[in-house]
Amino acid sequence: MRIITSDRLLLRPWHEDDADFLLDMESRWEVVRFLGPNPTTLSTREQALASIRHRRGVDHQVYGIWAISTRDGQLVGNFALVPVPVSAGQSPGTPPEVEIGWHLHPDAWGNGYATEAARAVLDDAFAQGLTRIIAVTNTGNDASQAVCRRLGMTHLGRTTRYYDTTKELFEILPG
Ligand SMILES: CC(C)(COP(=O)(O)OP(=O)(O)OC[C@H]1O[C@@H](n2cnc3c(N)ncnc32)[C@H](O)[C@@H]1OP(=O)(O)O)[C@@H](O)C(=O)NCCC(=O)NCCS
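Quick caveat: nothing in here was measured; it's all calculated off a predicted structure.

Peer 1: What exactly am I supposed to notice about helix α1 (residues 19-26) here?
Peer 2: The α-helix winds at 3.6 residues per turn, so residues separated by three or four positions along the chain end up facing the same way. In terms of burial, α1 is a largely internal element, six of the eight residues being buried. Of all the positions in α1, only Ala-19, Phe-21, Leu-22, Leu-23, Met-25 and Glu-26 are classed as buried. Looking at the buried positions of α1, the neighbouring elements they touch are α2 (29-32), α3 (45-57), β4 (75-83) and β5 (98-104).

Peer 1: Teacher, can you tell me more about the packing of aromatic side chains here?
Peer 2: Geometrically, a pair of aromatic rings is defined through the distance of the ring centres and the angle of the planes. Under the defined criterion, the tally for this structure stands at two aromatic pairs. Between the aromatic rings of Trp-14 and Phe-21, the centroid separation amounts to 6.3 Å while the plane-to-plane angle is 25°, which identifies the pairing as stacked. On the basis of relative accessible area, Trp-14 is assigned to the buried category, the value being 0%. Ring centres of Phe-79 and Trp-102 lie 6.0 Å apart, and the angle between their planes is 50°; this geometry places the pair in the tilted category. Linking Phe-79 in strand β4 with Trp-102 in strand β5, this pair joins segments that are 23 residues apart in sequence. The ring of Trp-14 has Arg-55 sitting right over it, with the charged end atom 5.5 Å from the ring centre. The ring of Tyr-163 is capped by Lys-167, whose NZ or CZ atom sits 5.3 Å from the centre of that ring.

Peer 1: What should I look at first to understand the site of the ligand in this one?
Peer 2: Neighbouring the ligand are 21 residues; Trp-102, Gly-110, Tyr-113, Ala-114 and Thr-115 lie closest to it. Within the contact set of the ligand, an oxygen atom lies 3.3 Å away from a backbone nitrogen or oxygen of Asn-111. Here an oxygen atom of the ligand sits 3.1 Å away from a polar atom, N or O, in the side chain of Arg-150. Within the residue set of the shell around the ligand, elements represented by two or more residues are α2, β5, α4 (113-127) and α5 (142-150). Ranked by residue count, the leading element in the shell around the ligand is α5, at four residues.

Peer 1: Help me understand unusual backbone geometry in this model?
Peer 2: Trans is the prevailing form of peptide bonds, just as negative phi is the prevailing case for residues other than glycine. The linkage connecting Thr-94 with the following residue, Pro-95, adopts the cis geometry, with an omega of -5°. Relative to the elements of secondary structure, Pro-95 occurs in the loop between β4 and β5. The residue Tyr-163 is not glycine, and still its phi comes out positive at about 60°. In this fold, Tyr-163 is placed in the loop between β7 (154-159) and β8 (167-172). Of note, the phi angle at Asp-164 is positive, near 55°, even though the residue is not glycine.

Parameters at a glance
- Residues numbered from 1 in each chain as written.
- Predicted model: local features only at pLDDT ≥ 70, side-chain atom pairs only at ≥ 80, totals over all residues.
- Heavy atoms only, no water.
- Buried < 20%, exposed > 50% of the residue type's maximum accessible area, 1.4 Å probe, protein only.
- Helix = DSSP H or I, 4+ residues; strand = E, 2+ residues; numbered from the N terminus.
- Contact = heavy atoms within 4.5 Å.
- Phe/Tyr/Trp six-rings, centres within 6.5 Å; stacked < 30°, edge-to-face > 60°.
- Lys NZ or Arg CZ within 6 Å of the ring centre and 35° of its normal.
- Near = heavy atom within 4 Å.
- Polar contact = N/O pair within 3.5 Å; in protein donor to acceptor, adjacent residues only side chain to side chain.

Below you can see the structure in the form of C-alpha cells.
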C-alpha cells in the first residue's frame, strides 16, 4: 500500500502498534456516530487489532484505508478511499463508484487535517485514473459536509442509492 504525504501529514498503513490510539479514537461515540450503517464503538484492544487487520487487508493499487499521522508521527485519524456499497435493488456502477471518508481523534479536530488529507488522497486518486469520487454523509453531519465543501465537492442532494439509507451526496471530478 502506498504512502501519501501532504505539507503536514503522512497517510500510511495501519500497524498493530496503533491499536491503543485506534481504541481511544473509536471508543468515542462522537467519532463513530456517523460511520457506516451500524455505528459501533470499539471497547477492547482485541477489537482494535481485528479492525487494524481488516484495514490492512484493503491492499489495492488505488483504494486504501490509511492511518493519518502528522509528519512527526503523531496519529490523528483514519482515511478511506473505497468502493461504496450500493443499496439493495440498485445496480452497481461500472466502474464501481468510489467514496472518500474520514474521521479524526477529537484532539485533532479544528486544524484542517481532514481537508488536507483528503486533498492529498484526491490528487493521488485522480492521478491514478479515477474519474469521479463521492462522499456520502448523514444529514446533520455538518462537520463532515463542511469538509466536502472545503474540498470543492458538489452537493447533489439526498439519495437512497447507498448503504440502504438516505444520505447527502457530494461528488468531485478531476481538474
Ligand atoms: C468530520 C471531521 C473529520 C471534521 O474535522 P475538522 O477538524 O472539523 O475538519 P478539518 O480537518 O477540515 O478542519 C477544519 C477546521 O480547522 C480549522 N483550521 C485550523 N487550522 C487550519 C489550517 N491550517 N488549515 C485549514 N483549516 C484549519 C478550520 O478553520 C476549521 O474550523 P471550523 O470548522 O471551526 O471553521 C471531524 O468532525 C470528525 O472526525 N467527526 C467524526 C467522524 C465523522 O463524522 N466522519 C465523517 C463520516 S461521513
